[in-house]
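Working through the structure, step by step
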Number of protein chains: 2
Amino acid sequence: MTPSLTEAVAQAWPPAEWRDVHLLAAVSGGADSVALLRALHKLKREAGGRGRLLVAHFDHGIRGVASADDARWVAELAEGLGLECRLGVAAGPPPASEQHARDARYRWLAETAGEVGARHIATGHTADDQTETILYRLLRGSGLAGLAGVPPHRPLTAACDVVRPLLEVTRAEVEQHLRALDQPYRTDATNAEPTYARNRMRNELLPALRLEFGEGVDAAIRRAGQQAGEAQQVVGELAARLAGEARIDGSPDEVRLSPALLAAAPPLVAREACKLAWRSAGWPEQSMGAEQWQRLYTLLCDAGTAGLQLPGGVDARWVDSIVVLRRTSAD
Amino acid sequence: MTPSLTEAVAQAWPPAEWRDVHLLAAVSGGADSVALLRALHKLKREAGGRGRLLVAHFDHGIRGVASADDARWVAELAEGLGLECRLGVAAGPPPASEQHARDARYRWLAETAGEVGARHIATGHTADDQTETILYRLLRGSGLAGLAGVPPHRPLTAACDVVRPLLEVTRAEVEQHLRALDQPYRTDATNAEPTYARNRMRNELLPALRLEFGEGVDAAIRRAGQQAGEAQQVVGELAARLAGEARIDGSPDEVRLSPALLAAAPPLVAREACKLAWRSAGWPEQSMGAEQWQRLYTLLCDAGTAGLQLPGGVDARWVDSIVVLRRTSAD
């Protein structure tokens, strides 16, 4: 009676693609990751293959005894399934932010994957996480790129990637599946990722939106995210080609660009190409926001524009018929 | 002390571009359209030119006496500014929906523009309207295209376009501007466009989001919309080129497509190209949703796929090495 979640995992990530390599399931002990582990375990048993399925749990040490209890609980779950379990504990003081906690967790997961030779790390992100991520990023101002949400696959290190086979499965389906399996889970396990605003989004904003716009609102948000991701990829490929054509060789601390090529391209593609050229110079991007990229684009379109001082100590100006970006100081 | 709104209008829509053609300002009597009219009037006086500025007001007849009062009020405002005013009244029963009311209003505006020879119809949509439109469409499931929001210019008829010079101006700035001018407006004037869900979005959802995410949330939504619009345009141009290349001549009730070209393109571009080919055949699009376009795309990518029955009585199937779409019935 509970094949649907397992089938969804098999469809999103066919066992034939991973049965012969080692796999690390990141398990917090919460419903999502426990459901993922049960599904992978079942599929692995059926598919066989040379690869091993292992469990990894990272204890952020934020919640004291409860954290240690979660770790023990996950270890027992793994043992019951006959799987090796790797436990990690955060070193030093508690993480300064959700982002730091997340970074520490992924660092440890990458290390552990390296130690056991795992090719993939599977995480339990669900369709609900995806909806929340897309809406959250939209409202925080991440633009089109952020709207794309989290990808189902992404490289983490040269040897290992992160896979999210539950991205098409809702949290309600996860809970229903676990009830049907009579599989308990840790309800108080902190995912460590949701911020305060994100929790309110999950517990207040999205329920209110479902009342107003119907249950389809989640899928509507994810569809926009999916299309934004596809559009971003199309734009990214055009931008990469354009950046290759528009970049002129110069000294290492310079980026020399052909403004004619950039100005002839669609503005979004030209701005993305500028980003790629900037990134290839290894310059800091953090302080370059939508407004700064627009200013640089405006300069490229008009030879009469005065020189620009951009963040990261980068100076941009017309020199004869090209535009030269030069890092004059590392501020 | 109140130059900013007028300057914003002049920047969004330089008087040099319209001073020599006739212009219809669509004025409901609400704050937005009254502020727009005052700004256009001032800019027109300064810029001169051969064109005339006229006022147009459409009475939907929905609110009885209050509607007629609004019409009279707008006529007096126009007279006070020395401008000709055209009044329209909805014929027949009250409109069945907001969309019908909107359609009737634009039909009348297009007719009136034709009568007076106006090249442009200017409407008072503000940045707040844009934010609400983008968020509303996202939540209603319109995908990337809807996220783009309303464009600052769009053709209405072959002879006339709609211009929205206030799209970068907030409602708060409009009200502040009118206070500074000591210019009254009709607070109860129904815009006729906002639906119930939209009113709640304006009065409840967006204020709650501003509390949670800060005042920047409006600009964040509009920036995503702007980028979605730019991406949509890039994708649209690629799709138009692809549709031209992939379409093979056939009989009038057929669309014959080269699947090899479509399957080699990014999926988003290929699906958009299918839409363009479908549209060029004049087939009904209403029942074709994201899922149906995806099914058609899947068919194009795999010669082994069985034929498809699509909405609008269109049958799609592989015939030798091409895919033939044929309208077999007009259901």
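Worth saying up front: this structure is predicted, and the values here are computed from it rather than measured. (Residues numbered from 1 in each chain as written. Chains lettered and ligands numbered in written order. Predicted model: local features only at pLDDT ≥ 70, side-chain atom pairs only at ≥ 80, totals over all residues. Heavy atoms only, no water.)

**Comments concerning the interface of chain B and chain A**
- With 34 residues of chain B at the interface, the matching set in chain A holds 34 residues.
- Carbon and sulfur atoms supply 73% of the area buried between chain B and chain A, which totals about 3,000 Å² over both sides.
- On the chain B side of the interface with chain A, the three residues burying the most area are B:Leu138, B:Leu139 and B:Phe213, jointly 21% of the side's total.
- Inspection of the region where chain B meets chain A yields 4 salt bridges.
- Between A:Glu212 and B:Arg200 there is a salt bridge, with its nearest N and O atoms 2.7 Å apart. (Contact = heavy atoms within 4.5 Å. Buried area = accessible area lost by both parts, 1.4 Å probe. Salt bridge = Lys/Arg side-chain N within 4 Å of Asp/Glu carboxyl O.)

**Regarding the sheet that holds strand β4 (residues 118-122) of chain B**
Residue and element names in this part refer to chain B.
- The strand order across the open sheet built from 6 strands is β3-β2-β1-β4-β6-β5, with neighbouring strands paired in mixed fashion. Looking along the sheet, the strands with just one partner apiece sit at the ends: β3 (85-89) and β5 (153-155). The sheet shows a mean angle of 25° between the axes of neighbouring strands, direction not considered.
- The pairing of strand β1 (residues 22-26) with strand β2 (residues 53-59) spans 4 bridges and is parallel. When the sheet's bridge partners are listed, Leu24 is paired in β2 with Leu54.
- Helix α2 (residues 31-47) contacts β1, β2 and β4 of the sheet and is inclined by roughly 165° relative to β2.
- Relative to the sheet, helix α4 (residues 98-116) contacts β1, β2, β3, β4, β5 and β6 (161-163), its axis offset from that of β2 by approximately 150°. (Pairing = 2+ DSSP bridges. Helix = DSSP H or I, 4+ residues; strand = E, 2+ residues; numbered from the N terminus. Axes fitted to C-alpha atoms, helices over the stretch in contact; angles between N-to-C directions.)

**Considerations on the UniProt feature "binding site: ATP" (unreviewed entry) in chain A**
Residue and element names in this part refer to chain A.
- If you check UniProt for "binding site: ATP" (unreviewed entry), the listed places come out as Ser28, Gly29, Gly30, Ala31, Asp32 and Ser33 in our numbering.
- Inspection of the secondary structure assignment puts Ala31 in helix α2 (residues 31-47).
- Those residues in contact with Ala31 that sit more than four places away from it in its chain are Val174, Glu175, Leu178 and Tyr185.
- Setting aside chain neighbours within four positions, we find Asp32 in contact with Gly124, Thr126, Asp129, Leu166, Arg171 and Val174. (UniProt positions renumbered as here; feature names shortened; annotations may be inferred.)

**Here's the deal with the relation of the copies chain B and chain A**
- Each copy superposes on the other: chain B lies on chain A with an RMSD of 0.0 Å after a rotation of 180° and an axial shift of 0.0 Å. Taken together, these values place the two copies in the relation of a two-fold axis. For chain B, the smallest separation between a C-alpha atom and the rotation axis is recorded for B:Ala231, amounting to 3.0 Å.
- Here 100% of the interface residues in chain B have copies in chain A that are interface residues too; the copies meet face to matching face. (Least-squares fit on C-alpha atoms with pLDDT ≥ 70 in both.)

**Section: the sheet that holds strand β10 (residues 314-319) of chain A**
Residue and element names in this part refer to chain A.
- The 5 strands lie next to each other as β7-β8-β11-β10-β9, forming an open sheet whose pairing is antiparallel. The two strands at the open ends of the sheet, each matched to only one other strand, are β7 (247-248) and β9 (308-310).
- Relative to strand β8 (residues 254-257), β7 is paired through 2 bridges, and the arrangement is antiparallel. Across the sheet, the residue bridging to Arg247 is Leu257, located in β8.

**Points about the nonpolar core**
- If you look at the biggest cluster of nonpolar residues, it comprises 96 residues, and the most contacted ones within it are A:Leu135, A:Leu325, B:Leu135 and B:Leu325.
- Those residues in contact with B:Leu135 that lie beyond four places of it in its chain are A:Leu138, B:Met201, B:Leu205, B:Leu206, B:Leu209 and B:Ile221. (Core = buried A, V, L, I, M, F, W, Y, C linked by side-chain atoms within 4.5 Å. Buried < 20%, exposed > 50% of the residue type's maximum accessible area, 1.4 Å probe, protein only.)

**As for the packing of α2(B) against helix α7 (residues 171-181) of chain B**
Residue and element names in this part refer to chain B.
- Taken N-terminus to C-terminus, the directions of α2 and α7 make an angle of 60°; their axes are 9 Å apart at the nearest point. It follows that α2 is oblique to α7 by the angle criterion. Judged by the sense of rotation from one axis to the other, the crossing of α2 with α7 is left-handed. Along the contact surface, α2 presents Ala31, Asp32, Val34, Ala35 and Arg38, while α7 presents Arg171, Val174, Glu175, Leu178 and Leu181.
- Of the residues that constitute the contact of α2 with α7, the class distribution is 6 nonpolar, no polar and 4 charged. (Parallel < 35°, antiparallel > 145°, perpendicular 65-115°, else oblique. Left-handed = near helix turned anticlockwise from the far one by under 90°. Nonpolar A, V, L, I, M, F, W, Y, C, P; charged D, E, K, R; others polar.)

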